[in-house]
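Structural characterization, general
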Amino acid sequence: MEILRDIGALRGALAAAGPVGFVPTMGNLHEGHLSLVRLARREARTVVVSIFVNRLQFLPSEDFDRYPRTFERDRLLLEAAGVEFVFAPDELTLYPEPQTYRVQPPPMAGELEGRFRPGFFEGVSTVVLKLFNCVQPACAVFGKKDYQQLVIVRGMVRQLDLPIAVVAGDTTREADGLAMSSRNRYLSADERREAPRLYRVLKNVKQGLAPEHGVRELARAGWQPDYIEVRRKGDLSLSQPGDTELIVLGAARLGATRLIDNVEF
Ligand code: PAF
């Protein structure tokens, strides 16, 4: 496995590599990421994983500085998973000058996550487009755990005519249902025991519980819920009576940790 730190070296290494399957990450890898790597492997001969904690997608009040950076452990996991190339640029490589040209995502990016994290999807779309330009993959794999991100990246690829197939990977869960996330490591032991409630509540909404009741249950259990909403699965527009392809998405803070999850139905 080769570790590449700059764009020229990456392009040189990939020139003869054939079709590339790409998994963009911010590192601190877990089984969820590795399942995306396995999906990429099914789609393409060569797998590239990027590790880059993207400052543009963090609010000043968020955890950019303390976001877990565990490169050595990540490297070993990716090596064992048979990944051919890791692209791990430093900040000055990807942002050598202030990034004043940005991708402006559609108004939907201001809803759900975007309502609580203004600018988040602009930062995500901008870095994903840059990473796509660096890696030039045939396919790119995104997890359904960040469902709104997946929908926004799909829209960007479609509307900007990028020759990339976007592949969605199912959410990987712990045995008690908690969706795997790099941020789970911020949870205290008590919070970790409580954390699967978010998934249980979303499943109850799927079974017919009103989203407002889900919000109330989380609040009663000590969470600070941001939203629980049922949307259309394809484009996350508001659902209408009679719709069949739906998804319930939720986000809530447990102590200092913000968790998101979703359930399709
Ligand atoms: O999902 C993530 O880890 C990030 O948002 C991504 C896609 C790597 C962009 O920084």
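I will try to describe carefully the structure that is included in this document. Keep in mind that what you see is a predicted model, and the values were worked out from it rather than measured.

For the rest of this paragraph, the subject is the packing of helix H6 (residues 120–135) against helix H7 (residues 147–159). Taken N-terminus to C-terminus, the directions of H6 and H7 make an angle of 55°; their axes are 10 Å apart at the nearest point. By the angle between their directions, the pair H6 and H7 is classed as oblique. When you trace H6 past H7, the crossing you get is right-handed. Seen from H6, the contacting residues are Phe121, Val124, Ser125, Val128, Leu129 and Phe132; seen from H7, they are Gln148, Gln149, Ile152, Val153, Met156 and Val157. Here the contact of H6 with H7 is built from residues that sort into nine nonpolar, three polar and no charged.

Moving on: the sheet that holds strand E5 (residues 139–143). Strand pairing in a sheet relies on backbone hydrogen bonds, with the paired strands running either antiparallel or parallel. Ordered by their spatial adjacency, six strands build an open sheet running E1-E4-E3-E2-E5-E6, and the pairing between neighbours is parallel. Across the chains shown, the open sheet's two edge strands, defined by having one partner strand only, are strand E1 (2–4) and strand E6 (165–169). Within the sheet, the average angular offset between the axes of one strand and its neighbour, ignoring direction, is 25°. Relative to strand E3 (residues 46–51), strand E2 (residues 20–25) runs parallel, the two sharing six bridges. Counted as the bridge partner of phenylalanine 22 is valine 48 from E3. Its contacts with the sheet place helix H3 (residues 71–80) against E1, E3 and strand E4 (85–87), and it is angled at close to 170° to E3. Helix-sheet contacts for H6 involve E2, E3, E4 and E5, and the interaxial angle to E2 is about 145°.

Attention now moves to the pattern of salt bridges. Summed over the entire model, instances satisfying the criterion amount to 22 salt bridges. Between glutamate 31 and arginine 38 there is a salt bridge, with the nearest N and O atoms lying 2.4 Å from each other. Look at glutamate 31 and you get partly exposed, because its relative accessible area is 33%. Residue arginine 38 is classed as partly exposed on the basis of its relative accessible area of 46%. Here aspartate 170 ties to lysine 144 by a salt bridge, and the two come within 3.4 Å at their closest N and O atoms. In this pair, aspartate 170 is assigned in the loop between E6 and helix H8 (189–194) and lysine 144 in the loop between E5 and H7, connecting sequence segments 26 residues apart. Aspartate 170 gets classed as exposed once you look at its relative accessible area, which sits at 56%. The network of salt bridges with shared partners includes Lys144, Asp170, Lys233, Glu245 and Glu264.

Around the ligand, the neighbouring residues are Pro24, Thr25, Met26, Asn54, Gln57, Val124, Val127, Val128, Phe142, Asp146 and Gln149. Glutamine 57 is positioned with one of its side-chain polar atoms (N or O) 2.7 Å from an oxygen atom of the ligand. Between an oxygen atom of the ligand and a side-chain N or O atom of glutamine 149, the distance comes to 2.7 Å. Here the ligand has 280 Å² of accessible area as a free molecule, and 89% of this is covered by the chains. Elements that contribute at least two residues to the shell around the ligand include exactly E2 and H6. Residue contributions to the shell around the ligand peak at three residues, all from H6. Of the residues that constitute the shell around the ligand, the class distribution is six nonpolar, four polar and one charged.

Moving on: the nonpolar core. In terms of nonpolar packing, the biggest core is built from 45 residues, with Phe132 and Val135 touching the most fellow members. Those elements giving two or more residues to this core turn out to be helix H1 (7–14), E2, E4, H6, E5, H7 and strand E8 (246–254). Of the residues forming this core, the biggest block, ten residues, is contributed by H6. Built from parts of two domains, this core gets at least three residues from each of domain 1 (2–169) and domain 2 (182–264). The contacts of phenylalanine 132, once residues within four sequence positions are left out, are Phe22, Pro137, Ala140, Phe142, Val153, Met156, Val157, Leu162 and Ile164. Listed in part, the 17 residues of the second largest apolar core include Leu29, Val49, Ile51 and Cys139.

Criteria and thresholds
- Residues numbered from 1 in each chain as written.
- Predicted model: local features only at pLDDT ≥ 70, side-chain atom pairs only at ≥ 80, totals over all residues.
- Heavy atoms only, no water.
- Axes fitted to C-alpha atoms, helices over the stretch in contact; angles between N-to-C directions.
- Helix = DSSP H or I, 4+ residues; strand = E, 2+ residues; numbered from the N terminus.
- Parallel < 35°, antiparallel > 145°, perpendicular 65-115°, else oblique.
- Left-handed = near helix turned anticlockwise from the far one by under 90°.
- Contact = heavy atoms within 4.5 Å.
- Nonpolar A, V, L, I, M, F, W, Y, C, P; charged D, E, K, R; others polar.
- Pairing = 2+ DSSP bridges.
- Salt bridge = Lys/Arg side-chain N within 4 Å of Asp/Glu carboxyl O.
- Buried < 20%, exposed > 50% of the residue type's maximum accessible area, 1.4 Å probe, protein only.
- Near = heavy atom within 4 Å.
- Polar contact = N/O pair within 3.5 Å; in protein donor to acceptor, adjacent residues only side chain to side chain.
- Areas by Shrake-Rupley, 256 points an atom, 1.4 Å probe, with all protein chains shown as cover.
- Core = buried A, V, L, I, M, F, W, Y, C linked by side-chain atoms within 4.5 Å.
- Domains from an automatic or database assignment.

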